[in-house]
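Spelled out, the chains give:
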Amino acid sequence: MPHRRPPPSRSVAVGTNPERTRSHNRRVVLETVRQHGLLGRSDIAALTRLTAQAVSNIVAELVEEGFLMEQGRRRTARGQPPMELAVNPDGGMTAGMEIATDHITTVLVDLRGQVREQRRVPLGDVMMEAVWRLAATELAQARAAAGLPKRLLGCGVVMPGPFEVEGMNSVGSSPLPGGAGQDAELRLTEALGTPVTIENDATAAAVGEHLHGLGRNLRHFCQIYFGTGLGLGVIVAGQPYRGAFGNAGEIGHIPVVRDGLACACGQRGCLERYASIHALTETLRAAGIANAGPDAIKRLHAQGHPALLRWIAVAAGLLAPVVAMLENLFDPETVILGGGMPDDVIDALIAAMAPLPISVANRPGRAIARVQRGATGRLTAALGAAALPLLDTMTPKLDRVAVFQDDCTAPAA
Ligand SMILES: [Zn+2]
């Protein structure tokens, strides 16, 4: 639900007043309205520190283009009540696609983050040409559903990382050959007929959490993500931190157990050999439970199955120092645990991590917990993917202001 309370001032993106940075300011205005749900023009001016005139111009433009809508007047005791603005859910959609080794999930999300359509098909042929063709068909089918906004702002595609690293594969998967890099992005853009951004699952999930979930009012957080392996998404100042080659946050292959279990990456004792869905499935298989999916895992947890409880204790024991390390490295507002694991199991992992090692996050009067479960659930990767083009359209890139100085164009229609 939309909400009104401004986040603490340090987490507000601020506009710049000379109109030369107009595109940046458009994003600041859109992002501010998105965060707060409903705002009048003077609220926007106060929050973004833009002049009333600048806000008025930008709002007029965004309303005309269909990104914002007027939602009626607020009730006030006296005077002309202000007209409130909200993001227009029908102003456009973004698509999110998770291309895993055995299936493709597609979601269409409107500008308020509501999922308007979702599809899932098995993926038989992993040759890239066939994958691109199936992806294009899936997107077309999803868009053909009734009552959807026509404007598609872009498609985010999530594939398991790491990208273009020799000899480093995630456990439980073979990466799709030729599935990443600029070339793949270009060819997929051609195949889908809309701008495509490819991202690894953990980073996309963190963006999804930032736009639609727990991270909505946070500008600095880390998200440990149970995906194909174990990943980390880092949001710094409202933007994903990707690293120089898009591989930042590959925490699954940090060795945590000396002479531990052999990993597909060639090392021993990697974190994701113990703390991942694959590791849990393996533990359960050794206990005689084959092919346990999320529902079976949820049931086993409810029954207090000893193999599952043992796994939780081991994984939490290894994750707790990692949480403290992330806090010391990034000084985040919180660390989120999320991904394709049942909520109850994530809660149990968090509980089993206590007491967390001491880190810079030990502060008197902390307002939020050091570790929390993500809010976006099992669709996280695809939702995160759909959030990527939205992030490009709506949120200010504070480090790229100069680049946008002369760019007054509207987001791609
Ligand atoms: Zn490894």
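It should be noted that the structure appears before, not after, this text.
Below: a short report on this structure. (Residues numbered from 1 in each chain as written. Predicted model: local features only at pLDDT ≥ 70, side-chain atom pairs only at ≥ 80, totals over all residues. Heavy atoms only, no water.)

What follows concerns the pairing of strand S3 (residues 83-87). Side-chain direction in a regular strand flips from residue to residue, so the side chains alternate between the two faces of the sheet. Burial within S3 is extensive, with 5 of its 5 residues counted as buried. Burial of S3 is two-sided: the residues Met83, Leu85 and Val87 facing one way and the residues Glu84 and Ala86 facing the other way are all buried. Strand direction decides the pairing type here: strand S1 (residues 39-40) and S3, joined by 2 bridges, are antiparallel. From the neighbouring strand, Leu39 faces S3, where its bridge partner is Leu85. (Buried < 20%, exposed > 50% of the residue type's maximum accessible area, 1.4 Å probe, protein only. Helix = DSSP H or I, 4+ residues; strand = E, 2+ residues; numbered from the N terminus. Pairing = 2+ DSSP bridges.)

Let's shift gears to the packing of helix H2 (residues 41-48) against helix H3 (residues 52-64). Packed helix pairs are characterised by how far apart their axes lie and by the angle those axes make with each other. One can describe the packing of H2 onto H3 by two numbers: an axis separation of 9 Å at closest approach and a directional angle of 120°. In terms of axis orientation, H2 runs oblique to H3. The hand of the H2/H3 crossing is right-handed. Mapping the contact onto sequence places Arg41, Ile44, Ala45 and Thr48 in H2 and Ala52, Val55 and Val59 in H3. Of the residues contributing to the contact of H2 with H3, the split by class is 5 nonpolar, 1 polar and 1 charged. (Axes fitted to C-alpha atoms, helices over the stretch in contact; angles between N-to-C directions. Parallel < 35°, antiparallel > 145°, perpendicular 65-115°, else oblique. Left-handed = near helix turned anticlockwise from the far one by under 90°. Contact = heavy atoms within 4.5 Å. Nonpolar A, V, L, I, M, F, W, Y, C, P; charged D, E, K, R; others polar.)

Another aspect to go through is the packing of aromatic side chains. Under the counting rule described, the total for this entry stands at 0 aromatic pairs. Against the face of Phe67 rests Arg151, its NZ or CZ located 4.1 Å from the ring centre. (Phe/Tyr/Trp six-rings, centres within 6.5 Å; stacked < 30°, edge-to-face > 60°. Lys NZ or Arg CZ within 6 Å of the ring centre and 35° of its normal.)

For a metal with four donors in a tetrahedral arrangement, the ideal angle between donors is 109.5 degrees, while six donors in an octahedron ideally sit at 90 or 180 degrees. Bound to the zinc ion are the protein donor atoms His253 (ND1), Cys263 (SG), Cys265 (SG) and Cys270 (SG), situated 2.1 to 2.3 Å from the metal. What the 4 donor atoms of the zinc ion show is an angle range of 102 to 122° at the metal, which sorts the shape as tetrahedral. Every donor residue of the zinc ion comes from the same chain, spaced as H-x9-C-x1-C-x4-C. Judged by relative accessible area, which is 15%, Cys265 ranks as buried. (Donors = N, O, S within 2.8 Å, 3.2 Å for Na, K, Ca; no water. Tetrahedral: all angles 85-135°; square planar, octahedral: opposite > 155°, others 65-115°.)

Enumeration over the complete set of coordinates arrives at 14 salt bridges. One salt bridge connects Glu129 with Arg187, and the closest N-O pair in it is separated by 2.4 Å. Taken together, the residues Glu129 in helix H4 (residues 128-143) and Arg187 in helix H5 (residues 181-192) connect sequence positions 58 residues apart. Classification of Arg187 by relative accessible area gives partly exposed; the value is 29%. We note a salt bridge from Arg370 to Glu327, for which the minimum N-O separation is 2.6 Å. Of this pair, Arg370 sits in the loop between helix H10 (343-353) and strand S13 (371-373) while Glu327 sits in helix H9 (residues 306-330), and the two are 43 residues apart along the sequence. (Salt bridge = Lys/Arg side-chain N within 4 Å of Asp/Glu carboxyl O.)

Core analysis: the largest hydrophobic core is formed by 39 residues, its most contacted members being Ile224 and Trp311. Taken together, the elements giving at least two residues each to this core come down to strand S9 (221-226), strand S10 (230-236), helix H7 (277-286), helix H8 (294-303), H9, strand S12 (334-339) and H10. A total of 12 residues in this core trace back to one element, the largest contributor, which is H9. Non-local contacts of Ile224, meaning those with residues more than four positions away in its chain, are made with Leu230, Gly231, Leu232, Ile251, Leu319, Val323, Leu326, Val335, Ile336, Leu337 and Gly338. Ranked by size, the runner-up nonpolar core spans 37 residues in total, among them Val29, Phe67, Leu153 and Leu218. (Core = buried A, V, L, I, M, F, W, Y, C linked by side-chain atoms within 4.5 Å.)

Another aspect to go through is a nonpolar patch on the surface. On the surface, a cluster of nonpolar side chains totalling about 570 Å² of accessible area is made up of Val236, Tyr241, Ile254, Val256, Met325, Leu329 and Phe330. When residues of the nonpolar patch are assigned to their parent elements, the largest contribution, 3 residues, is made by H9. Note that Val236 resides in strand S10. (Patch = residues over 30% accessible without salt bridge, like charges linked within 9 Å, V, L, I, M, F, W, Y side chains within 5 Å. Areas by Shrake-Rupley, 256 points an atom, 1.4 Å probe, with all protein chains shown as cover.)

With that settled, the discussion passes to H9. If you check H9, its first and last C-alpha atoms are 35 Å apart, about what 25 residues at 1.5 Å a residue would give, namely 36 Å. Positive phi appears at Asp331, one or two residues downstream of H9, with a value of about 50°. (Expected span 1.5 Å × (residues − 1).)

Among the 8 residues in strand S7 (residues 152-159), 8 count as buried, and that is most of the element. Pairing of strand S4 (residues 93-99) with S7 involves 5 bridges; the strand directions are parallel. The partner of Met97 across the bridge, within S7, is Val157. Direction of pairing for S7 relative to strand S8 (residues 196-200): parallel, over a ladder of 5 bridges. For Gly156, the partnering residue across the bridge sits in S8 and is Thr197.

What follows deals with the sheet that holds S3. In spatial order, the strands read S1-S3-S2; together these 3 strands make up an open sheet with antiparallel pairing. In the strand order of this sheet, the two ends are held by S1 and strand S2 (68-73), each with one partner. Where S2 lies against S3, 4 bridges are found, and the strand directions are antiparallel. Within S3, the residue paired with Met69 across the bridge is Ala86. Packed on one face of the sheet, helix H1 (residues 22-36) meets S1, S2 and S3 and runs near 95° to S3.

Tracing the backbone through its elements, the reader meets Asp201 in helix H6 (residues 201-212). Here Asp201 sits buried without a salt bridge, and the closest side chain of opposite charge, Arg242, lies 12 Å off (N-O distance). Once residues lying within four places of it in the same chain are set aside, the contact partners of Asp201 are Val158, Met159, Tyr225, Gly227 and Thr228. (Lys, Arg positive; Asp, Glu negative; His and termini not counted.)

All right, on to H1 then. Its 15 residues give H1 an end-to-end C-alpha distance of 21 Å, which sits within 8% of 21 Å, the value for a rise of 1.5 Å per residue. The element H1 is extensively covered by neighbouring structure, given that 15 of its 15 residues are classed as buried. In the stretch just after H1, Gly37 is the one whose phi turns positive, near 90°.

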